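# A look at the structure
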Amino acid sequence: MSEDALAAAALRLGAIDAAVILGSGLGAVVARARVREKVPIDDIAGMPRPRVAGHPGFVALGEWSGKRVAIFMGRVHAYEDYTQREVAYPVRVAAAAGARTLVVTNAAGGLNETFSPGELMLIADHLNFTNSSPLLGAPAPNETRFPDLTEAYASRLRAAARAEAQRRGITLREGIYCGVLGPAYETPAEVRFYRSAGGDAVGMSTVPEVIQARALGLEVAGISVITNVWHAGASTTHEEVLARVAGAVEPLSYLVEAILTAAD
Ligand code: HPA
C-alpha cells in the first residue's frame, strides 16, 4: 500500500492517542466509548475489507477514558488471503494518526485445561506459529527492522487490567497466546503440541498487529475471550465462538477502559 494511501487514511481518522481492535463478535464493546462518528472502512484509503461473519467493518472515532480513540470494529485475518502486512495495515494507519497505544482483543480457544469458556485471558506474551510476519519486505518509514519483543505486551498496562479485574470481581486469567494461520481449528495433536510449547490459548489473529505495533513503537495490551477449551474429545464451531464472546462484552469493556486510562 502506498505511503499516500496511508497518509490519507491517517488524515481521515484525525489525531488519536490510541487504537482498539475488536475481534470476532466483540463490536458491542464500543458501547462504553463516546463515539462521535462511525466511518465505513471503504472511506479509509487502503483498508482491507473483512470477508468473515461477525466483523462489520467500521472504525468508530471518539473518546474513551479521556483518550482520543479509533476503534476498529472488526479486523481481517491472514486466512482471508491477506498478507500479514495487509492484516496489520490498521495499526500502521493508527500509528500515522498519532496512536501511542494499541489494545487488541480476540476470541481464542483455551489450551490451558484450567480455563473455562467465557473467561478472559490477559495476554502476557505470544508464540508466532503463523510462519510469517507483517514486517516482510522493506521497512516502512519509522518502522524498526528488528523490533525487540521482550515486552511485547506492556507490563504497566497488564497491571492496570489486573487491578481493574480485581476491583470488579472479574475472573482474569493470564497466559501465552499462540497465533496460528487457521482457518481450520486445531487437531488434537496440534493442541498437545501448542500446549507443550507453553501456549495457554490459540487463535487466528492478533500476532501480526502486535508485531507491527511494536515495530512502530506503540505500547500494546491484549485480551482474549476464551470461547472454548480443548479438553480431550472437545470440538468447536464458529457459531459456538460467536455465541461465547457475546457474554464477555461487558467485563471486557471495563478492562479496555482501565487500560486506556493507564495508557500514555
Ligand atoms: N482455535 C483457533 N482459533 C479460535 C479458537 C480455537 O479453538 N476459538 C476461537 N478462535
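Basis of the calculations
- Residues numbered from 1 in each chain as written.
- Predicted model: local features only at pLDDT ≥ 70, side-chain atom pairs only at ≥ 80, totals over all residues.
- Heavy atoms only, no water.
- Helix = DSSP H or I, 4+ residues; strand = E, 2+ residues; numbered from the N terminus.
- Buried < 20%, exposed > 50% of the residue type's maximum accessible area, 1.4 Å probe, protein only.
- Contact = heavy atoms within 4.5 Å.
- Core = buried A, V, L, I, M, F, W, Y, C linked by side-chain atoms within 4.5 Å.
- Near = heavy atom within 4 Å.
- Polar contact = N/O pair within 3.5 Å; in protein donor to acceptor, adjacent residues only side chain to side chain.
- Areas by Shrake-Rupley, 256 points an atom, 1.4 Å probe, with all protein chains shown as cover.
- Nonpolar A, V, L, I, M, F, W, Y, C, P; charged D, E, K, R; others polar.
- Axes fitted to C-alpha atoms, helices over the stretch in contact; angles between N-to-C directions.
- Parallel < 35°, antiparallel > 145°, perpendicular 65-115°, else oblique.
- Left-handed = near helix turned anticlockwise from the far one by under 90°.
- Salt bridge = Lys/Arg side-chain N within 4 Å of Asp/Glu carboxyl O.
- Phe/Tyr/Trp six-rings, centres within 6.5 Å; stacked < 30°, edge-to-face > 60°.

### Things to note about the overall build of the protein chain
Along the backbone of the protein chain there are eight helices and nine strands. On the principal axes, the C-alpha backbone points of the protein chain span a range of 50 × 40 × 35 Å. Buried residues in the protein chain amount to 55% of all 264 residues. Counting contacts in the protein chain only where the partners sit at least 6 residues apart, residues at least 24 apart contribute 82% of the total.

### Concerning the nonpolar core
With 43 residues, the main nonpolar core has Leu 13, Val 59, Phe 72 and Leu 102 as its most contacted residues. Aside from chain neighbours lying at most four places away, what touches Leu 102 is Ala 19, Ile 21, Val 91, Glu 209, Ala 213, Leu 218, Glu 219, Val 220 and Ala 221. Listed in part, the 36 residues of the second largest apolar core include Ala 18, Leu 122, Ile 223 and Val 249.

### Focus on the site of the ligand
All residues adjacent to the ligand are Ala 107, Ala 108, Gly 109, Tyr 185, Glu 186, Val 202, Gly 203, Met 204, Thr 227, Asn 228, Trp 230 and Val 241. Within the side chain of Trp 230, one N or O atom sits 2.8 Å away from an oxygen atom of the ligand. Compared with its free state, where it exposes 260 Å², the ligand has 96% of that area covered by protein. Those elements that provide at least two residues to the shell around the ligand are β5 (101-110), β8 (201-203) and β9 (219-229). Sorting elements by how many residues they give to the shell around the ligand places β5 first, with three residues. The residue inventory of the shell around the ligand, partitioned by class, reads seven nonpolar, four polar and one charged.

### Description of the packing of helix α1 (residues 3-13) against helix α3 (residues 89-96)
Look at α1 against α3: their axes get within 8 Å of each other, and the N-to-C directions meet at 65 degrees. Considered as vectors, α1 and α3 are oriented roughly perpendicular to each other. In terms of crossing hand, the pair formed by α1 and α3 is right-handed. Contacts from Glu 3, Ala 5, Leu 6, Ala 9, Ala 10 and Leu 13 in α1 reach Tyr 89, Arg 92, Val 93, Ala 94 and Ala 96 in α3. A class-by-class count of the residues in the contact of α1 with α3 yields nine nonpolar, no polar and two charged.

### A few points about the pattern of salt bridges
Throughout the structure, instances matching the rule amount to 18 salt bridges. Taking the shortest distance from any N to any O, the salt bridge between Arg 68 and Asp 17 comes out at 2.9 Å. With Arg 68 in strand β4 (residues 67-73) and Asp 17 in the loop between α1 and β1 (18-22), the pair connects residues that are 51 residues apart, well separated along the chain. Residue Arg 68 is classed as partly exposed on the basis of its relative accessible area of 37%. In the salt-bridge network here, residues are joined through shared partners; they are Asp 17, Arg 68 and Arg 100.

### Focus on the packing of aromatic side chains
According to the stated counting rule, one finds three aromatic pairs in the structure shown. Plain terms: the ring middles of Phe 129 and Phe 193 are 5.6 Å apart, the flat faces sit at 65 degrees to each other, and that makes the pair edge-to-face. With Phe 129 in the loop between β6 (120-128) and α4 (155-168) and Phe 193 in helix α5 (residues 188-196), the pair connects residues that are 64 residues apart, well separated along the chain. Look at Phe 193 and you get partly exposed, because its relative accessible area is 46%. Look at Phe 129 and Tyr 194: their rings are 4.8 Å apart centre to centre, the planes differ by 45 degrees, and that puts the pair in the tilted class. Separated by 65 residues along the polypeptide, Phe 129 in the loop between β6 and α4 and Tyr 194 in helix α5 bring together distant segments of the chain. Overall, Phe 129 belongs to the partly exposed group, its relative accessible area being 28%. Members of the aromatic cluster, joined through ring pairs, are Phe 129, Phe 193 and Tyr 194.

Purely geometric stuff here, so don't read any function into it on its own.
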